[in-house]
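Single-letter residue listing:
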Amino acid sequence: MDKFDCLSVLFLYPQKNIIEPYKNCAENFGLKLPELEDLQVEYTRLFINAYPKVIAPPYESFWREKEIYGETTIAIKKLYAACDLDISKNWHDLPDHIAAELAFYAYLEENDSAENHDIKLRLLEEHLKLWVNKFCEVIKNKTNLEYFKNLSILLEESIYKG
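A short tour of the structure in this document, coming up.

Conventions used here
Residues numbered from 1 in each chain as written. Predicted model: local features only at pLDDT ≥ 70, side-chain atom pairs only at ≥ 80, totals over all residues. Heavy atoms only, no water. Disulfide = S-S within 2.5 Å. Helix = DSSP H or I, 4+ residues; strand = E, 2+ residues; numbered from the N terminus. Buried < 20%, exposed > 50% of the residue type's maximum accessible area, 1.4 Å probe, protein only.

In the structure shown here, the tally under the stated rule is 1 disulfide. Bridging C6 to C25, the disulfide has an S-S length of 2.3 Å. Between C6 and C25, the S-S dihedral sits near -70 degrees, and the bridge is therefore left-handed. Taken together, the positions of C6 in helix α1 (residues 3–10) and C25 in helix α2 (residues 19–29) put the pair 19 residues apart, joining distant regions of the chain. Among the residues examined, C6 registers a relative accessible area of 2% and is labelled buried. The class for C25 is buried, based on a relative accessible area of 1%. In this model C136 remains outside any disulfide bridge; the closest cysteine sulfur is found in C6, 16 Å from its own.

Here you go:
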């Protein structure tokens, strides 16, 4: 797995059926992985369900439009379609989830061509770079686990510094 494949995995909900790739990716980055239950509780609190609102929704449309499934969601779906990808077959969340966008970036790196290179630049410049910093800043300031703070720092460095 390359860097963006691993980042994608680490932004998925941590569960037993993917714990081995999760552990491998965390190790590759030198991240100390908390116990599974602690990881699940904090992931849920940050990204899925917290009172009175979700702390860090993992969706581009939220950070750019303050709504879920907005114009940016449709734009990212068009980028996937430009590569003949239909994530709805294997993915059970929104197309602009951070894990989906990172997996797409990894796919573009692994399947490098002139056309894919242009799409990869668009994904980075017209999507990821426009919201990841805000997303990561909230995670760093609101998480109860050092793991998520370090993961968000790693994500920022990967997106903005290469």
